[in-house]
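# Residue-level structural notes
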Amino acid sequence: MSRKKIVAGNWKMYKTLPEAMETIGTLTHALAVQSPKENVEVWIAPPSVILPMIIHNYHNRGISFGAQNCSEHKEGAYTGEISAAMIKSVEAQFVILGHSERRAYHHENDTLIHKKIRAALSNQLIAIYCCGETLDQRNAGQHFDIVRKQVTEALSGFNADEMSNIVIAYEPVWAIGTGVTASPEQAQEMHALIRETLRQLFDGKVADQMHILYGGSVKPGNAAELFSQPDIDGGLVGGASLVASDFTGIIYAA
Ligand code: 13P
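Cut-off values and rules
- Residues numbered from 1 in each chain as written.
- Predicted model: local features only at pLDDT ≥ 70, side-chain atom pairs only at ≥ 80, totals over all residues.
- Heavy atoms only, no water.
- Buried < 20%, exposed > 50% of the residue type's maximum accessible area, 1.4 Å probe, protein only.
- Helix = DSSP H or I, 4+ residues; strand = E, 2+ residues; numbered from the N terminus.
- Arc of directions from axis to C-beta.
- Contact = heavy atoms within 4.5 Å.
- Pairing = 2+ DSSP bridges.
- Axes fitted to C-alpha atoms, helices over the stretch in contact; angles between N-to-C directions.

For the rest of this paragraph, the subject is helix α2 (residues 51-58). An α-helical segment advances 3.6 residues per turn. Residues three or four places apart therefore align on the same side. Buried within α2 we find Leu-51, Ile-54, Ile-55 and Tyr-58. Each buried residue of α2 sits inside an arc of 95 degrees when the element is viewed along its axis, so together they form one side. For α2, the secondary structure elements touched by its buried residues are α1 (17-33) and β3 (63-67). Directly beyond the C-terminal end of α2, a positive phi value near 60 degrees is found at Asn-60.

Okay, the sheet that holds strand β2 (residues 40-45) next. Pairing within the closed barrel is parallel, and its 8 strands lie in the order β1-β2-β3-β4-β5-β6-β7-β8. Strand-to-strand twist across the sheet, computed as the mean angle between neighbouring axes with direction ignored, equals 30 degrees. Of the pairings in the sheet, the one linking strand β1 (residues 5-10) to strand β8 (residues 234-237) comprises 4 bridges and is parallel in character. Across the sheet, the residue bridging to Ile-6 is Gly-234, located in β8.

The residue Ser-241 is located in the loop between β8 and α12 (244-253) in this model. With relative accessibility at 1%, the residue Ser-241 sits in the buried group. Here the alpha-carbon distance between Ser-241 and Ile-194, two residues 47 residues apart in the chain, equals 25 Å. Apart from the residues within four sequence positions on either side, Ser-241 is in contact with Gly-9, Asn-10, Trp-11 and Phe-247.

Here's what the structure looks like:
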């Protein structure tokens, strides 16, 4: 089964509008000079307030843009929230859901994340579903059980068609922003477990077609080895996606 590679940047709460425009300008220029391999897609999730301006200026330049979160609700009196329909209306293509920072600071759990994925899919957005264990959970030997449970709770109930619009990002919490990357072996064994879980929950086709990205201190120097693992279909990149030259290094490593 040959799957494309996706190199996605999660900008988190970094960059003002001028900073964002400058980085995207540098990036699109670099990608025009040297194209990524044909089976590599580049996605970026800037802060949502900046998203429409970036899309307006840089659509059709080889990058897909998306948001970092959405509400589970369709609309309503939810001050500060953004709906999936709003994200779709500015022609964004995907939304990141269930990031460990949302889980930690905004108390999101997999029941809520399931509803958010449903909202994204109802609005024809691709959902990037994030999962991953903490360091304590790994040290206690619970990491496989935790991730299996997360994937099962968040994704059970979707049909095969819906699953084709979901991307999974395995992001071990201990590797996010720490400079400590999961080894290619650690990442591969978890990705294989996630794929096996999908095989049991759905079927072989859903499992084989799913893009499973690795996230957690991906850098130009470690991307090639991570991305060459059989069950790793690209990366969800935080810090290194903020600097155009680092991000292109990772894109070309794919
Ligand atoms: P870092 O690449 O900075 O470790 O962040 C990973 C991440 O959280 C992407 O969503």
